[in-house]
Amino acid sequence: MKKIRILVLVLWLFPCQGLALDYTYININNPFIRKIPLAVPEFKTITSGNQEAELGRRAREIMGHALDFTGYIKVMDPKAFLSSPAETGISKSEVVFKAWTSIGAELLITGGVVQYQNKVQLKLRLFDTFKEKMLTGKVYTGHKDDLRRMVHRFCGEVSQVLTGHKGIFGSRIVFVSTVQGNKEIFTCDFDGYGAEQETRHKSITLSPSWSSCGNWLAYTSYVNGSPDLFIKNLKEKQGYTVSFKGLNITPDWVPGEFSLAACLSFSGDQEIYLLTGKGKIIKRLTENWGIDVSPEFSPDGKKMAFVSKRSGTPQVFIRDMDTGTDQRLTFQGEYNTSPAWSPDGDKIAYAAAEDGEINIKVVNADGSSLVQLTGGTKDNEDPSWSPDGSLILFSSTRDGVSRIFVMTAAGGEQRCLLKMDGAQTDPEWSMENVYN
């Protein structure tokens, strides 16, 4: 993973900006969410130089793509704009608000660009056009190669004002992709940009899982001939291997701790164990004849969803970590797997095989309000929630070969995240914002 080189300044432009946080515009948990129209006009260049103009163009493009990606913001077509802050000015006193309200723009972002040597400074402001009020404003200074990260950092500020959450803009995604017939681990930004290959085992590699801090990955690989568990620090390039006899598969990290659960079969049955971050067994968590796999901890670590065949077919169960009691969650369908908790812990997404299809379903953690999010698009598996709970990643074979897709938490706007050679599966969204 590349080091984050973004530095220098993040300044509040006005001390009264906190007033904007007294309310939110958007409830991202609303399944009938209305997209809020936002205008991102051309950025003002301080010296009017060609390099500044190009940096401004790139910054606008990055910002528009990122905000549009959320599913709750509609970035407006520049052809409709009646005013140009690049010419009139980017401050509140210089913005012609009626020119924006008349075309339906409820929000406006203005920007200024200063480029000197290899550094760039971005001055960014978010306005409510109808209230004629600045909601937030920031100045970022860094290397020009960090332009994308600076823009995304401001997108996080926009999200904070509008939803009460920093959003997805500093998050990463891990997934599996085939490389010359092998399966390897890759990571990329939240929108599929900058995919990087993290493993080169030249073997079958599966089930990657992020630690809470985002620095560690755990996954299974057959590089040594059997399915062993690998625990890898992405920054320090160090790690550990768990290679008990039999299977060592489907790891999941305990939230906020350097420990994880995984399925091991050295006892003769596939059971879930709690391990240290170095792979030492702490204790056995399940003890039931029948396969127990795919542990998935709730955000507070107090519960663990998992898949078990104790009822005859694979179904999702929930373990209370304090009492050790298990409760069956899924009853509909003959094959339910890959449970994934929402960030607030009140919902679980999972893959359900039924009537010849595999689809993503979401159910409340108490088993109520079951909703199917995909359908009629071949197989859809491996759900994973975004850090703010507004989006869900999943793999789908609707294009023939498996690809990573993303949709809103209500199942809307299903679109392909990235296209690479081979097949992509097993996506997981990091819960850590790398800008915090």
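Details of the structure are given in the entry above.
**A few points about the overall build of the chain**
- A tally of helices and strands in the chain yields 4 helices and 30 strands.
- Taking all 436 residues of the chain together, 53% fall into the buried category.
- The long-range share in the chain, meaning contacts at least 24 apart out of those at least 6 apart in sequence, stands at 43%.
- In the form shown here, the chain has an accessible surface area of approximately 18,800 Å², with 49% of it arising from carbon and sulfur atoms.
- Mean positive and mean negative side-chain charge positions of the chain (49 and 50 charges, respectively) differ by 6 Å.

**A look at the sheet that holds strand β22 (residues 335–341)**
- On the basis of which strands lie adjacent, the open sheet formed by 4 strands has the order β22-β23-β24-β25 and antiparallel pairing. Pairing within the sheet leaves two strands with one partner each, and these edge strands are β22 and β25 (371–372).
- Where strand β23 (residues 347–354) lies against strand β24 (residues 357–364), 8 bridges are found, and the strand directions are antiparallel. Note on β24: the bridge partner recorded for Y350 is K361.

**Quick word on the environment of W216**
- Within the element layout of this structure, W216 appears in strand β11 (residues 216–221).
- Residue classification places W216 among the buried residues on the basis of a relative accessible area of 9%.
- C-alpha separation for the pair W216 and N233, spaced 17 residues apart in sequence, amounts to 4.5 Å.

**Considering the pairing of strand β29 (residues 415–418)**
- Relative to β29, strand β28 (residues 403–408) runs antiparallel, the two being bridged by 3 bridges. In the strand pairing of β29, F405 is matched with C416.
- Where β28 folds back on β29, the antiparallel hairpin that results is connected by 6 residues, among which G411 adopts a positive phi of roughly 95°.

**Some points on the pattern of salt bridges**
- This model, assessed by the stated rule, comprises 16 salt bridges.
- Note that R148 is salt-bridged to D191, the shortest N-O span being 2.7 Å. Here R148, found in helix α4 (residues 147–163), pairs with D191, found in the loop between β8 (182–189) and β9 (196–197); they are 43 residues apart in sequence, far enough to count as distant. D191 matches R148 in its accessibility class, with the two residues each being buried.
- We note a salt bridge from K166 to E157, for which the minimum N-O separation is 2.6 Å.
- Taking relative accessible area as the criterion, E157 reaches 11% and is therefore assigned buried.

**Notes on the packing of helix α1 (residues 50–69) against α4**
- Where α1 meets α4, the closest approach of the two axes is 9 Å, and the angle between their N-to-C directions is 45°. On the basis of their axis angle, the class for α1 and α4 is oblique. Along this stretch, α1 crosses α4, giving a crossing that reads as right-handed. Residues L55, R58, A59, I62, M63, A66 and L67 of α1 form the contact with α4, whose own contacting residues are L147, R148, V151, H152, F154, C155 and V158.
- A class-by-class count of the residues in the contact of α1 with α4 yields 11 nonpolar, 1 polar and 2 charged.

**Section: the packing of aromatic side chains**
- For the structure shown, the criterion picks out 13 aromatic pairs.
- When the centroid spacing of 4.9 Å and the interplanar angle of 55° are considered together, the rings of W216 and F258 count as tilted. With W216 in strand β11 and F258 in the loop between β14 (248–253) and β15 (259–264), the pair connects residues that are 42 residues apart, well separated along the chain.
- Among the aromatic residues, ring-to-ring pairing joins W216, Y240, W253 and F258 into one connected group.
- In this structure, R148 is placed above the aromatic ring of Y193, and the distance from its NZ or CZ to the ring centre is 3.7 Å.
- Against the face of F405 rests R398, its NZ or CZ located 4.6 Å from the ring centre.

**Thoughts on the sheet that holds strand β27 (residues 391–396)**
- Here 4 strands make up an open sheet; going across it, the order is β26-β27-β28-β29 and the pairing antiparallel. Every other strand in the sheet has two partners, leaving β26 (380–385) and β29 as the edge strands with one partner each. Shown here is a sheet whose adjacent strand axes are inclined to one another by a mean of 35°, direction ignored.
- Pairing of β26 with β27, which is carried by 4 bridges, proceeds in the antiparallel orientation. Each bridged residue has a counterpart across the sheet, and for S384 the counterpart in β27 is L393.

Rules of the game
Residues numbered from 1 in each chain as written. Predicted model: local features only at pLDDT ≥ 70, side-chain atom pairs only at ≥ 80, totals over all residues. Heavy atoms only, no water. Helix = DSSP H or I, 4+ residues; strand = E, 2+ residues; numbered from the N terminus. Buried < 20%, exposed > 50% of the residue type's maximum accessible area, 1.4 Å probe, protein only. Contact = heavy atoms within 4.5 Å. Areas by Shrake-Rupley, 256 points an atom, 1.4 Å probe, with all protein chains shown as cover. Lys, Arg positive; Asp, Glu negative; His and termini not counted. Charge placed at Lys NZ, Arg CZ, Asp CG, Glu CD. Pairing = 2+ DSSP bridges. Salt bridge = Lys/Arg side-chain N within 4 Å of Asp/Glu carboxyl O. Axes fitted to C-alpha atoms, helices over the stretch in contact; angles between N-to-C directions. Parallel < 35°, antiparallel > 145°, perpendicular 65-115°, else oblique. Left-handed = near helix turned anticlockwise from the far one by under 90°. Nonpolar A, V, L, I, M, F, W, Y, C, P; charged D, E, K, R; others polar. Phe/Tyr/Trp six-rings, centres within 6.5 Å; stacked < 30°, edge-to-face > 60°. Lys NZ or Arg CZ within 6 Å of the ring centre and 35° of its normal.

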